[in-house]
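Residue-level structure breakdown
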Amino acid sequence: MRAFSRQFCYFTNTPKPHQLPKRSISSDAIEELHARLIRMENQTDPCSVSEVLRSYTLSSSTLQRAEVVFNEIRRPPLLLWNFMIQGFSHFGDPIKAVYFYNSLLRRGLKGNHVTCIFVFKACGRALDSVNGRTIHAHVVKLGFELYLYVCNALVHMYALCGELGLAQKVFDQMTERDLVTWNSLICGYSQHSRFKEVLRLFGLMGAAEVEADEITMMKVILACSNLAEWELADSMVKNIEEKRVETNVYLGNTLIDMYGRRGLVDLAQRTFDRMQEKNLVSWNALIIGQAKSGNLGRARELFDEMPKRDVVSWTSMITGYSQAGQFQEAVKLFHEMIETNIKPDEKTVATVLSACAHLGILDVGEAVHDLVNKHHITSDIHVGNALIDMYCKCGVVERAMKVFQDMKEKDSVSWASIISGLAVNGFAASSLELFEQMLRENVGPRPTHGTFVGILVACAHVGLVDKGLEYFVSMEKVHGLVPQMKHYGCVVDLLCRSGKLDRAYQFIRTMPMPADAVLWRILLGACKLHGDVVLAEIALNNLHESDPNNSVNYVLLSNTYAGAERWDAATRLRDMMKEGDVQKPLGWSSL
């Protein structure tokens, strides 16, 4: 599953000392006051209209009215400019807050440290580091660069904009830091998945004897989850319990996610049960943890109990079924999702297409493809790869090829999937041509282990022994990829399909690692086909060590004996199977 941390919100404390006071007069009273000022023609007087303007900037619903009031004021003082910048920064349009700041400068005003705090918040919300840097220069000129709350706003702004180097630089130059300073930078690194930096900062924070709060702990635990730093995560949990830190919904969700990743579903459930407030993320995190641990029954119970479900809830359950091999349940739940008018996302689509590929149900896979086109679901690289895989496994290679050609972005999986798909569906020549095109024109990514599996399979299907061996050698020599057992298996299959059993046996003997049962069984199967009793016996002796109880091995050798008309040996081997502890697999049908 892709990163779960996207469900957790990014936030940090804001400088409370410079927040404007909350509305203390009712909206009706403010409107009455405003009307009276208009009747008395005092609406242009800054002192008279100040309370009206302040109240209007405290709600998004009255911000436009605030702008009308502001525009009528003669020479508004800095206080009123701050009202407007703060209002647009918090409730309306942060870009407009920056516009008001620039207008303030054009009027000859300089602003104060409160102005800077509000406008930095606006730049952060607008992800506008360009104006942020300009205003940073103004701050230095005005001498506010040592103000704690101004610096906190600066760190927070640069962190939100992804300018982590500048955020760190401001942080390092600060002569005074508080908890908000540390949390602002920690949250920035966390938001951009710089989890090692989160833990580094947390260590420095401890050395500076700054006590962490629930925000710090949440980000540190999230970092531990992504880096598998379980010892530190456990110490954080212990710290939370000892200090009786309130487990709010954000910290609780992070703990549930952490326990779920580790398979500690009982602790995840206990955290969930203790939470006073739960949201959709809480339920989804617990469902994902249960499903990952194989507790699909419990995951489904939670799914059915949810007061409300979103696309993540459905996708988590569908993915759980698919990862457990319960593909029919995955497809069935997807149908239910569509019936409830929940629009799937690209992850849902990729997962259900994979289930269709495993089941070989082309009609459902095509219906999902049509759904993607009809509802304009983002067809990212994962959806494209899933479509290629589904069409190839269902034998509709021309559709797979069209999807591949239409993809704006392709990765190594895309190339490996189409090359392998063409090969196993009998289009080995096209598979080889596509691979050569990828290498010759450098149109795709570097070949991967998966790509070479596909190309070796293609060579085996058309009997290109020398070419296949050439590709195999080039893996490490040219592309720096150390062959794995599956690649050795492809080469053994390549040689055996071409009747070169002695070469296949010699190849197995020179492997840098012991051959597994699959490789010996490929050789044994080829011996049956070509009637090579001597190599068949060698293969079975090796299988007797690695896979002694598999009846297929003995049946293959028995049939080899029968093909060579060594009836006594065939009968003797079958009698050994009856007397020994050899399990014959039960017959089954997908009908």
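Residues numbered from 1 in each chain as written. Predicted model: local features only at pLDDT ≥ 70, side-chain atom pairs only at ≥ 80, totals over all residues. Heavy atoms only, no water.

1. Digging into the overall build of the protein chain
Across its full length, the protein chain holds 33 helices and zero strands. When each of the 591 residues of the protein chain is scored for burial, the buried share is 49%. Within the protein chain, counting contacts between residues at least 6 apart in sequence, those at least 24 apart form 63% of the total. Surface exposure of the protein chain reaches about 29,200 Å², of which carbon and sulfur atoms provide 50%. (Helix = DSSP H or I, 4+ residues; strand = E, 2+ residues; numbered from the N terminus. Buried < 20%, exposed > 50% of the residue type's maximum accessible area, 1.4 Å probe, protein only. Contact = heavy atoms within 4.5 Å. Areas by Shrake-Rupley, 256 points an atom, 1.4 Å probe, with all protein chains shown as cover.)

2. Focus on helix α2 (residues 46-56)
Counting buried positions along α2 yields eight of eleven residues, so the element is predominantly enclosed. Of all the residues in α2, the buried ones are P46, V49, S50, V52, L53, R54, S55 and Y56. The inward-facing, buried residues of α2 contact α1 (27-39), α3 (63-72) and α4 (78-90).

3. Points about the packing of aromatic side chains
Throughout the structure, instances matching the rule amount to 16 aromatic pairs. Ring geometry for F435 versus Y471: centroids 5.2 Å apart, planes at 90°, classification edge-to-face. Linking F435 in helix α25 (residues 428-441) with Y471 in helix α27 (residues 465-477), this pair joins segments that are 36 residues apart in sequence. Grouping residues by exposure puts F435 and Y471 together as buried. Consider the rings of F472 and Y488, whose centres lie 5.2 Å apart with planes at 70°: the pair is edge-to-face. (Phe/Tyr/Trp six-rings, centres within 6.5 Å; stacked < 30°, edge-to-face > 60°.)

4. Topic: the pattern of salt bridges
By the definition in use, this model includes 17 salt bridges. Measuring nitrogen to oxygen at the nearest pair gives 3.9 Å for the salt bridge that ties R298 to E305. Of the residues examined, R298 reaches a relative accessible area of 25% and is grouped as partly exposed. By sharing partners, the salt bridges in this structure join R298, E301 and E305 into a single network. (Salt bridge = Lys/Arg side-chain N within 4 Å of Asp/Glu carboxyl O.)

5. Observations regarding the nonpolar core
Counting residues in each nonpolar core, the largest one holds 175 residues, and the members touching the most others are L53, F120, I418 and L523. Contacts of F120, omitting those with residues within four sequence positions, involve G132, I135, H136, V139, V150, A153, L154 and M157. (Core = buried A, V, L, I, M, F, W, Y, C linked by side-chain atoms within 4.5 Å.)

6. Brief notes about the packing of helix α18 (residues 311-323) against helix α20 (residues 346-359)
Two elements in contact, α18 and α20, have axes separated by 9 Å at closest approach and are oriented at 25°. The angle between α18 and α20 places the two elements in the roughly parallel class. Crossing geometry of α18 relative to α20 is assigned as left-handed. Facing V311, T315, I318, T319 and S322 of α18, the residues of α20 in contact are K347, T348, T351 and A355. (Axes fitted to C-alpha atoms, helices over the stretch in contact; angles between N-to-C directions. Parallel < 35°, antiparallel > 145°, perpendicular 65-115°, else oblique. Left-handed = near helix turned anticlockwise from the far one by under 90°.)

7. Section: the state of the cysteines
By the definition in use, this model includes zero disulfides. Here C392 is not disulfide-linked; the sulfur of C394 is the nearest cysteine sulfur, at 9.5 Å. For C392, a relative accessible area of 7% gives the class buried. Unpaired in terms of disulfides, C490 finds its nearest cysteine sulfur in C459, a separation of 9.9 Å. (Disulfide = S-S within 2.5 Å.)

8. Examining unusual backbone geometry
Of note in this structure, R244 is not a glycine but carries a positive phi near 50°. Tracing the backbone shows R244 in the loop between α13 (230-242) and α14 (249-262). Even without being a glycine, N341 presents a positive backbone phi close to 65°. Structurally, the position occupied by N341 is in the loop between α19 (327-339) and α20.

9. Observations regarding the packing of helix α5 (residues 94-106) against helix α7 (residues 129-142)
Orientation of α5 relative to α7, taken along the N-to-C sense of each, is 35°, at an axis distance of 12 Å. Handedness of the crossing formed by α5 with α7: left-handed. Contact with α5, carried on its side by V98, Y101, N102 and L105, involves N131, I135 and H138 of α7 and no other residues of that element.

10. Observations regarding the side chain of D345
For D345, the position within the fold is in the loop between α19 and α20. There is a polar contact of 3.1 Å between the side chain of D345 and the backbone nitrogen of K347. For D345, the side chain forms a polar contact with the side chain of T348, separated by 2.6 Å. (Polar contact = N/O pair within 3.5 Å; in protein donor to acceptor, adjacent residues only side chain to side chain.)

11. Observations concerning the environment of L501
Its location among the elements puts L501 in helix α29 (residues 501-509). Classification of L501 as buried rests on a relative accessible area of 4%. For the pair L501 and L523, spaced 22 residues apart in the sequence, the C-alpha separation amounts to 7.2 Å. When residues no more than four places from it in sequence are discounted, the contact partners of L501 are C496, L523, A526, C527, H530, D532 and L535.

12. Quick notes on the confidence of the model for the protein chain
Looking at the protein chain, pLDDT values average 87 and 89% of them are 70 or higher. Note that pLDDT drops below 50 for residues 1-23; the model gives that stretch 76 contacts with residues more than four away or on any other chain. Low pLDDT, under 50, characterises residues 585-591; the predicted model gives this stretch one contact beyond four residues in sequence or across chains. (pLDDT = per-residue confidence, 0-100.)

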